[in-house]
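Single-letter residue listing:
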Amino acid sequence: MLKSSIAKRLMLAGIAAGMLATPAYAQLDTALSVAKSSTAAAAASQQRVEQLDDQADTAIREYRAVLQQKDNIELFVAQQEIFKASQESEITSLNNQLGTVEQIKQGMSPMMLKMAAALEDSIKDDLPFNIGERLARIENVKAVLGNPDVSPAEQYRRVLNAYKIEVTYGMGVDSYEGAHPTRAGNVVNFIRFGRTSLVYVTKDEAEIARYNNDSKSWDILEGADAIQMRQAIRIAKGEAAPGLIYAPVEIRG
């Protein structure tokens, strides 16, 4: 009976002790849980701080890159403004030049007509060599000047070309065949000494004459002048070796 009573007491004491120990264990477990949660929260906070720090560094780098881009764009814009100002100045200059060109074009047409007329008068007043060919060239130039479809540049080129051809006639000695100046149907040899003297020699060399530009007639040459002209004809035609020749010219007092 005594043993049963002791056993019951011990059982009751264990139950009581267990009941007393349960709240302390729960508090400890709760504390541990809170500590673990705080540690996890601190780690998460540290991770967020590190992430924010990385984001801040990235933002700073991006900001600096944007500032650099801004500086580059401002420099590019400044360069373009300079280029634009230069282009505007060039456009203004070109517009002024175009106005001058129009004025020149308006004055070119009468000038070229005067040039053609002056050249025609010069040919008619010159030694009568290749006269048909030279006057035909002038007629062609006048036709070009009267054609509105031909540009002023091409018209001017034609006029200058006619002048250049006339200038070349003043250089060298030339010999060619042509009709007798006064007897139609007869062919003679002409020899031209630049623009200084024009002489014809009949085929039989019996008649030699020099053109007198003052009287617009032919003067017969005789004696030494005739001999010189026979030799000049042979040299000009390549029938004799080159040598010194004399041109019969008129001496004016």
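Here the residue numbering is sequential within each chain, running from 1 through the sequence in written order. Two thresholds apply to this predicted model, a pLDDT of at least 70 for residue-level local features and 80 or more for giving and counting side-chain atom pairs, whereas whole-chain, interface and lining totals are computed over all residues. Here the side-chain values reflect all heavy atoms present in the structure, with hydrogen atoms and water set aside.

> Explain the overall build of the chain here, please?
Elements are defined by DSSP. Helices are runs of H or I of four residues or more, strands are runs of E of two residues or more, and each kind is numbered from the N terminus. Looking only at helices and strands, the chain has four helices and five strands in total. The rule is simple: take the accessible area with a 1.4 Å probe, protein chains only, and divide by the maximum for that residue type; under 20% is buried, over 50% is exposed, in between is partly exposed. Buried positions account for 20% of the 253 residues belonging to the chain. Whether two residues are in contact is decided by their heavy atoms: any pair within 4.5 Å suffices. Across the chain, every contact between residues at least 6 apart in sequence was considered, and the portion connecting residues at least 24 apart equals 44%. For the chain, the accessible area works out to roughly 17,800 Å², and carbon and sulfur atoms hold 59% of it. Each accessible area value is a Shrake-Rupley result obtained with a 1.4 Å probe; residue values ignore everything except the protein chains displayed when judging cover.

> It is not clear to me how the nonpolar core should be interpreted in this structure. Could you clarify?
Most often, soluble globular proteins keep nonpolar side chains buried together rather than apart. The nonpolar core is taken to be a set of buried Ala, Val, Leu, Ile, Met, Phe, Trp, Tyr and Cys residues, with the residues joined through side-chain atoms within 4.5 Å. Met108, Met112, Met115, Ala116, Leu119, Ile123, Ile138, Val141, Leu145, Val159 and Ala162 form the largest nonpolar core, which has 11 residues in total. Listed by contribution, the elements that provide at least two residues to this core are α1 (2-125), α2 (131-145) and α3 (152-168). If one sorts the elements of this core by residue count, α1 sits on top with six residues. Apart from the residues lying within four places of it in its own chain, the contact partners of Met112 are Leu145, Pro152, Gln155, Tyr156 and Val159.

> Can you help me understand the packing of aromatic side chains in this one?
Aromatic ring pairs are described here by two measures, namely the spacing of the ring centres and the angle between the planes. The pairing test for Phe, Tyr and Trp rings, Trp by its six-membered ring, is centres within 6.5 Å, and the orientation test on the planes gives stacked under 30 degrees, edge-to-face over 60, and tilted for anything in between. For the coordinates displayed, the defined rule picks out six aromatic pairs. Aromatic pair Tyr176 and Phe190: ring centres 5.4 Å apart, planes at 20°, arrangement stacked. Placement of Tyr176 in strand β1 (residues 173-179) and of Phe190 in strand β2 (residues 187-193) is noted, with a sequence separation of 14 residues between them. For Tyr176, a relative accessible area of 17% translates into the label buried. Judged by relative accessible area, Phe190 falls into the buried class, the value being 7%. With 5.0 Å between their ring centres and 70° between their planes, Tyr200 and Trp218 make a pair best called edge-to-face. Taken together, the residues span a long stretch of sequence, with Tyr200 in strand β3 (residues 197-202) and Trp218 in strand β5 (residues 217-220) at a distance of 18 residues. Three or more aromatic residues joined by ring pairs make a cluster, and in this case those are Tyr176, Phe190, Tyr200, Tyr211 and Trp218. Should the NZ of a Lys or the CZ of an Arg lie within 6 Å of a ring centre and within 35 degrees of the ring normal, that charge is described as sitting over the ring. One Lys or Arg, Arg134, reaches over the ring of Phe129 and ends 3.9 Å from the middle of that ring. In this structure, Arg192 packs its charged tip against the face of Phe129, placed 4.7 Å from the ring centre.

> Would you mind showing me how to read the sheet that holds β5 here?
What holds strands together in a sheet is hydrogen bonding between their backbones, with the strands either parallel or antiparallel. At least two bridges found by DSSP between two strands is the condition for calling them paired. Pairing in this open sheet of five strands is antiparallel, and the strands run β1-β2-β3-β4-β5 from one edge to the other. Single-partner strands in this sheet number two, and they are β1 and β5. On average, each strand axis in the sheet is inclined to that of its neighbour by 30°, with strand direction left out of account. Sheet topology places β1 next to β2; seven bridges connect them, and they run antiparallel. Across the sheet, the residue bridging to Val173 is Phe193, located in β2. Where helix α4 (residues 224-236) meets the sheet, it contacts β1, β2, β3 and β4 (208-212), and its direction lies at approximately 90° from that of β2. In this analysis an axis means a line fitted to C-alpha atoms, helices contributing only their contacting stretch, and an angle means the value between N-to-C directions, from 0 to 180 degrees.

> What is the right way to read unusual backbone geometry from this model?
Located in the positive-phi region is Glu205, a residue other than glycine, with phi close to 60°. In this fold, Glu205 is placed in the loop between β3 and β4. Residue Lys216 is not a glycine yet carries a positive backbone phi of 55°. Following the sequence through the fold, Lys216 ends up in the loop between β4 and β5.

> Hey, could you run me through the pattern of salt bridges in this one?
Note on pairing: side chains with opposite charge can pair once their charged atoms come close. Throughout this description, the term salt bridge denotes a Lys or Arg side-chain nitrogen within 4 Å of a carboxyl oxygen of Asp or Glu. A full pass over the atoms with the stated rule returns 17 salt bridges. With a closest N to O distance of 2.7 Å, Lys70 and Glu74 form a salt bridge. One end of the pair is Lys70 and the other is Glu74, both in helix α1 and four residues apart, which spans about a single turn. A relative accessible area of 43% places Glu74 in the partly exposed class. Between Arg210 and Asp219 there is a salt bridge; the shortest N-O distance is 3.3 Å. Taking the relative accessible area as the measure of exposure, Arg210 reaches 10% and is therefore buried. Residue classification places Asp219 among the partly exposed residues on the basis of a relative accessible area of 26%. Shared partners join several salt bridges into a network, and the residues in it are Glu120, Lys124, Glu139 and Lys142.

> What's the story with α2 in this structure? I'm lost.
Because each turn of an α-helix spans 3.6 residues, side chains separated by three or four positions end up pointing in the same direction. A helix is expected to span 1.5 Å for every residue after the first. Here α2 is 15 residues long and its end C-alpha atoms lie 21 Å apart, about the 21 Å a rise of 1.5 Å per residue gives. All of the buried residues in α2 are Arg134, Arg137, Ile138, Val141, Val144 and Leu145. An end-on view of α2 places all buried positions within 120° of arc, on one side of the element. The directions considered for the arc run from the helix axis to the C-beta atoms.

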